[in-house]
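Analysis of the macromolecular model
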Amino acid sequence: QVQFVESGGGLVQPGGSLRLSCVASGFTFDYDGIGWFRQAPGKEREGGSCISDWDGTTVYADSVKGRFTISRDNAKNTIYLQMKNLKPEDSATYYCAVGICSGPMSDFSSWGQGTQIPVSS
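Scoring rules and cut-offs
Residues numbered from 1 in each chain as written. Predicted model: local features only at pLDDT ≥ 70, side-chain atom pairs only at ≥ 80, totals over all residues. Heavy atoms only, no water. Buried < 20%, exposed > 50% of the residue type's maximum accessible area, 1.4 Å probe, protein only. Helix = DSSP H or I, 4+ residues; strand = E, 2+ residues; numbered from the N terminus. Pairing = 2+ DSSP bridges.

Counting buried residues in strand S7 (residues 78–83) gives five out of six residues, a clear majority hidden from the surface. Of the strand pairs in this sheet, strand S2 (residues 18–26) and S7 are connected by six bridges, and their pairing is antiparallel. Within S7, the residue paired with Ser-21 across the bridge is Tyr-80. By the bridge criterion, six bridges tie strand S6 (residues 68–73) to S7 in an arrangement that is antiparallel. Each bridged residue has a counterpart across the sheet, and for Arg-72 the counterpart in S7 is Ile-79. Counted along the chain from S6 to the antiparallel partner S7, the turn is four residues long, and its residue Asn-77 has a positive phi close to 50°.

Structure below.
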């Protein structure tokens, strides 16, 4: 069972950048990929970024594509989310989870506790 701990959140101004880290621990053998997702208060979870464990292929939701970049450092068991040109609508709590990058978000599991990103002036 893989477990995740997210960090790197904090207040950022519109147009700014931030890099989130997701440290994985436990059994990580049996999964296809790891994704970053977000959830704003009163809204459903969305905005997925996912990286495949097999070949590093990445996929992104339209809401974050072109601004967010997911990457990994296997030596550190860490998955990163580099966020650029942040917008107020990016304000949310960001989570990482394990699943199939080509599959639905609802199939992801082992969600971390999240790290909060307020984007505000």
